[in-house]
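Single-letter residue listing:
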Amino acid sequence: CGTTLAACTGGPVRVWDVASRKQVHELNGDRIARAVAFSPCGTKLATVYDYGEADLRVWDLTTGTVLRRFETANRGMNAVAWSADGAHIAPGALDR
């Protein structure tokens, strides 16, 4: 199991090292993240945003920078998951 924790609670996504109890990153995505998911290897974090323009971002947890950003016209994104091999990311959305 990993030793990193991430939370989206109405502001930037905060990432902590559980063992040291210290915050290691504050990932500011310009909006409130709706969901987060660690990659299987634990070195990346996927976040989805659905306020204004909907998008999915992949963050490098070593540097705290955005590696990729995918914008979409789909609204209602509220979930995200990685494939077991870390090759694919699937965002989830409300069914309207």
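For the structure, check the block above.
All values derive from a computational prediction rather than experimental measurement.

### Describing the overall build of the chain
So, point 1. Helices and strands together make up the secondary structure of the chain, namely 0 helices and 9 strands.
So, point 2. Starting at the N terminus and ending at the C terminus, the chain contains elements arranged as β-β-β-β-β-β-β-β-β.
So, point 3. Taking 96 residues into account, the globule formula puts the C-alpha radius of gyration at 12 Å, and the chain, at 13 Å, falls close to it.
So, point 4. Overall size of the chain, expressed as C-alpha extent along the three principal axes, is 40 × 30 × 20 Å.
So, point 5. The buried share among the 96 residues of the chain stands at 32%.
So, point 6. In the chain, of all internal contacts separated by at least 6 residues, the share reaching a separation of at least 24 is 32%.
So, point 7. Only carbon and sulfur atoms are counted for the fraction: they give 50% of the accessible area of the chain, which is about 5,800 Å².
So, point 8. For the chain, the distance from the average site of its 11 positive side-chain charges to the average site of its 10 negative ones is 4 Å.

### Points about the sheet that holds strand β6 (residues 54–60)
So, point 1. Judged by pairing direction, the sheet is antiparallel, and its 4 strands sit side by side in the order β4-β5-β6-β7 without closing on themselves. Two strands in the sheet have a free side with no partner beyond their single neighbour: β4 (33–38) and β7 (65–72). Each adjacent strand pair in this sheet contributes to an overall mean axis angle of 20 degrees, direction not counted.
So, point 2. Bridge analysis of strand β5 (residues 44–49) against β6 gives 6 bridges, and the strand direction is antiparallel. By the bridge assignment for β6, Ala-46 is matched with Val-58.

Definitions and limits used
- Residues numbered from 1 in each chain as written.
- Predicted model: local features only at pLDDT ≥ 70, side-chain atom pairs only at ≥ 80, totals over all residues.
- Heavy atoms only, no water.
- Helix = DSSP H or I, 4+ residues; strand = E, 2+ residues; numbered from the N terminus.
- Rg over C-alpha atoms; globule rule 2.2 N^0.38 Å.
- Buried < 20%, exposed > 50% of the residue type's maximum accessible area, 1.4 Å probe, protein only.
- Contact = heavy atoms within 4.5 Å.
- Areas by Shrake-Rupley, 256 points an atom, 1.4 Å probe, with all protein chains shown as cover.
- Lys, Arg positive; Asp, Glu negative; His and termini not counted.
- Charge placed at Lys NZ, Arg CZ, Asp CG, Glu CD.
- Pairing = 2+ DSSP bridges.
- Axes fitted to C-alpha atoms, helices over the stretch in contact; angles between N-to-C directions.

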